[in-house]
Amino acid sequence: MDQPDAFAELASSRGFLLARHAMVHGGIVILLLSLFAAADSWHALTGWALAALLACATGAVAGFAVTTVLHEWFHWLGGVVSGGAYTIPAKTGLFVFDWQFEQNSVRQFYVMSIGGNVGGLLAVIILAQAIDLDAPGRVALLAGALASFTFAAIIEWPILVRTRASGNPFQELSAITPGVLGRAAAGALLAGILCGWIF
């Protein structure tokens, strides 16, 4: 095998593609958390309203992104634990893998799906324990995380309920409409607002 063929084989391997997804997702998370940390520090040093606004904006985005990324990677981990069949897309995006519905059982789908929700909840718990909620930007960070968890839950939990009755997860996933996404977005916004109001 010559060098170009060997490189092409490596570049298309599951491990290489997973590592590339991890690097992109990790880089985005680090960037967003760094932007939030800078804005939060600016607010702590100056007390300016503009700094507080920027800290809230970057905090909400970072919290949402961190939780979403962990949610997706725990979906993948659930798929691995279940022994499910999946492929890794060559193009890097939000989703880490493509689930092979026709090759997997309903039980495997449940394990994969629940894994993502565990990851999202874990992200919320970690952030809640890791930061002091004594500044508006830090509250926004937690609010963004809770919003992400709520968004996914509103979409995914009803699918799990319907799949239990139909036994067809692909059919239930295909029933996601713009209306469902809109309700999930509204629920996520409400959860974030309530989090900000409580803390």
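This write-up is about the structure you can find in this document.

Overview of the overall build of the protein
Reasoning step 1: Of the regular secondary structure elements, the protein holds seven helices and two strands.
Reasoning step 2: In the protein, the order of α-helices and β-strands from amino to carboxyl end is α-α-α-β-β-α-α-α-α.
Reasoning step 3: Buried positions account for 40% of the 199 residues belonging to the protein.
Reasoning step 4: For the protein, the share of sequence-separated contacts (at least 6 apart) that also reach a separation of at least 24 residues comes to 68%.
Reasoning step 5: Of the side-chain charges in the protein, 8 are positive and 11 negative, and the distance between the mean point of each set is 9 Å.

Looking at the pattern of salt bridges
Reasoning step 1: Throughout the structure, instances matching the rule amount to three salt bridges.
Reasoning step 2: With its nearest N and O atoms 3.0 Å apart, the salt bridge here joins Arg138 to Asp40. Separated by 98 residues along the polypeptide, Arg138 in helix H5 (residues 136–166) and Asp40 in helix H2 (residues 14–46) bring together distant segments of the chain.
Reasoning step 3: Taking the relative accessible area as the measure of exposure, Asp40 reaches 9% and is therefore buried.
Reasoning step 4: The partner of Asp134 in a salt bridge is Arg138, with the nearest N and O atoms 2.6 Å apart.
Reasoning step 5: Residue Arg138 is classed as partly exposed on the basis of its relative accessible area of 21%.
Reasoning step 6: When salt bridges that share partners are traced, they join Asp40, Asp134 and Arg138 into one network.

Some points on the state of the cysteines
Among covalent bonds in proteins, the disulfide is the one between the sulfur atoms of two cysteines.
Reasoning step 1: Inspection of every chain in the model, using the stated rule, returns zero disulfides.
Reasoning step 2: Sulfur of Cys56: no disulfide; nearest cysteine sulfur belongs to Cys195 and is 12 Å away.
Reasoning step 3: Owing to a relative accessible area of 25%, Cys56 belongs among the partly exposed residues under this scheme.
Reasoning step 4: Assessed through its relative accessible area of 3%, Cys195 is described here as buried.

Remarks on the side chain of Thr150
Reasoning step 1: Looking at where Thr150 falls in the secondary structure, it is placed in helix H5.
Reasoning step 2: Excluding its chain neighbours within four sequence positions, the residues that come into contact with Thr150 are Gly187, Ala188 and Ala191.

Observations regarding the environment of Leu141
Reasoning step 1: Residue placement: Leu141 occurs in helix H5.
Reasoning step 2: Residue class for Leu141 comes out buried when judged on its relative accessible area of 3%.
Reasoning step 3: When the C-alpha positions of Leu141 and Thr58 are compared, they lie 7.8 Å apart, and in sequence the two are 83 residues distant.
Reasoning step 4: Excluding anything up to four places from it in sequence, Leu141 contacts Leu33, Phe36, Gly59, Ala60, Ala62, Gly63, Leu127 and Ile131.

A word on the environment of Phe101
Reasoning step 1: One can find Phe101 in the loop between strand E2 (98–99) and helix H4 (106–130).
Reasoning step 2: When its relative accessible area of 22% is taken as the criterion, Phe101 is described as partly exposed.
Reasoning step 3: Considered as a pair, Phe101 and Ser148 are 47 residues apart in the sequence and their alpha carbons are 25 Å apart.
Reasoning step 4: Filtering out sequence-adjacent residues up to four positions away, Phe101 remains in contact with Phe109, Pro169, Phe170 and Leu173.

Thoughts on H2
Reasoning step 1: With 33 residues, H2 ought to run about 48 Å at 1.5 Å a step, and its terminal C-alpha atoms sit 48 Å apart, in line with that.
Reasoning step 2: All buried positions along H2 are accounted for by Leu17, Leu18, His21, His25, Val29, Leu32, Phe36, Ala39, Asp40 and His43.
Reasoning step 3: Within two residues after H2, Gly47 carries a phi angle of roughly 75°, on the positive side.

What counts as what
Residues numbered from 1 in each chain as written. Predicted model: local features only at pLDDT ≥ 70, side-chain atom pairs only at ≥ 80, totals over all residues. Heavy atoms only, no water. Helix = DSSP H or I, 4+ residues; strand = E, 2+ residues; numbered from the N terminus. Buried < 20%, exposed > 50% of the residue type's maximum accessible area, 1.4 Å probe, protein only. Contact = heavy atoms within 4.5 Å. Lys, Arg positive; Asp, Glu negative; His and termini not counted. Charge placed at Lys NZ, Arg CZ, Asp CG, Glu CD. Salt bridge = Lys/Arg side-chain N within 4 Å of Asp/Glu carboxyl O. Disulfide = S-S within 2.5 Å. Expected span 1.5 Å × (residues − 1).

Keep in mind these values describe shape, not function.
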